[in-house]
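Spelled out from the first residue to the last, the chains are:
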Amino acid sequence: MIVVVDYGAANLLSITRALEAAGASVEVSASPVRIASAQAVVLPGVGAAGAAMNTMRTSGVDMALREAISAGRPLLGICLGMQLLFERLEEDNSPGLGALAGEVRRLRDAPKVPHIGWNSLEWEPSSAPPLAREVFAAAAPGWPAYFVHSYACVPADPSVAVAWTDYGGPICAAVCRDSMLGVQFHPEKSGQTGVALLRQWVAWVASRTPREVGIRE
């Protein structure tokens, strides 16, 4: 079973439907026990960073996510969910989960904030880690993805960034380390290619724990 984290502010219906369309069985949960023991976790993203972190700290979901990440379970962070993986969030001057070193800063040179709409995605297959290379195989470089954000991730280790877009300057559009993948765009709102990315991720999860993650045949 793939668990989608419910922290009270995310667009859970659209990502749940997209994951189901990609072939997964999905459970939406705010239970730290379920999240910590899940075979794979999706941390979705709509809302404010400070409120999201406060809710997760109060419920213990933040520790459950850290436990899942530490155990090497597959995790997909989407938009704010990707940003929450970092150490420091400029929005609300909030600490993040600290799974990735670096910070999340407000867009400073963007033509307009928030950045809303379609922007081309650039990535280099030859230098991407295995997880990113498998998931992004569904998207040719230059593919347009749908973005809605006012902040951007700045990894302390540049090699963590695996995809970029340009909006008044280069913006980190995806990060990857081990079993953890984050995307700044919304694959569930990015047409058939976005669904294909989710399908590739679901297939990767299934290949790791085929009897346990609830993937439909």
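Below or above, wherever it landed, is the structure these notes cover. (Residues numbered from 1 in each chain as written. Predicted model: local features only at pLDDT ≥ 70, side-chain atom pairs only at ≥ 80, totals over all residues. Heavy atoms only, no water.)

This part takes up the packing of aromatic side chains. The final tally for this structure, using the stated rule, is five aromatic pairs. Between Trp-118 and Tyr-146 the ring centres are 5.4 Å apart and the planes differ by 65°, which places this aromatic pair in the edge-to-face class. Of this pair, Trp-118 sits in strand β8 (residues 115–121) while Tyr-146 sits in strand β9 (residues 143–149); the two residues are 28 residues apart in sequence, bridging distant segments of the chain. Pairing Trp-123 with Phe-136 gives two aromatic rings, centres 5.6 Å apart and planes at 40°, and the pair type is tilted. Here Trp-123, found in the loop between β8 and α6 (130–135), pairs with Phe-136, found in the loop between α6 and β9; they are 13 residues apart in sequence, far enough to count as distant. Side by side, Trp-123 and Phe-136 carry an identical accessibility label, which is buried. Taken together, Trp-123, Phe-136, Trp-143, Phe-147 and Phe-185 form an aromatic cluster joined through their ring pairs. (Phe/Tyr/Trp six-rings, centres within 6.5 Å; stacked < 30°, edge-to-face > 60°. Helix = DSSP H or I, 4+ residues; strand = E, 2+ residues; numbered from the N terminus. Buried < 20%, exposed > 50% of the residue type's maximum accessible area, 1.4 Å probe, protein only.)

Now for the nonpolar core. Across soluble globular proteins, nonpolar side chains show a tendency to be buried alongside one another. Leu-19, Val-42, Leu-121, Phe-136, Leu-181, Phe-185 and Trp-201 are the most contacted members of the largest nonpolar core, which totals 39 residues. Top element by residues in this core is helix α7 (residues 191–208). It accounts for six residues. Beyond its immediate chain neighbours, meaning those up to four positions away, Phe-136 contacts Leu-121, Trp-123, Ala-163, Ala-174, Leu-181, Val-183, Phe-185 and Leu-197. Grouped together as the second largest cluster of nonpolar side chains are 35 residues, Ala-36, Ala-52, Met-56 and Leu-100 included. (Core = buried A, V, L, I, M, F, W, Y, C linked by side-chain atoms within 4.5 Å. Contact = heavy atoms within 4.5 Å.)

Here we come to the pattern of salt bridges. For the structure on display, the rule yields five salt bridges. Here Glu-103 ties to Arg-105 by a salt bridge, and the two come within 2.6 Å at their closest N and O atoms. Residue classification places Glu-103 among the partly exposed residues on the basis of a relative accessible area of 27%. For Asp-178, the salt bridge goes to Arg-177, with nearest N and O atoms at 3.9 Å. A residue is classified by how much of its surface remains accessible, and Arg-177, at 35% relative accessible area, is partly exposed. (Salt bridge = Lys/Arg side-chain N within 4 Å of Asp/Glu carboxyl O.)

Spatial relationships are all this shows, so hold off on functional conclusions.
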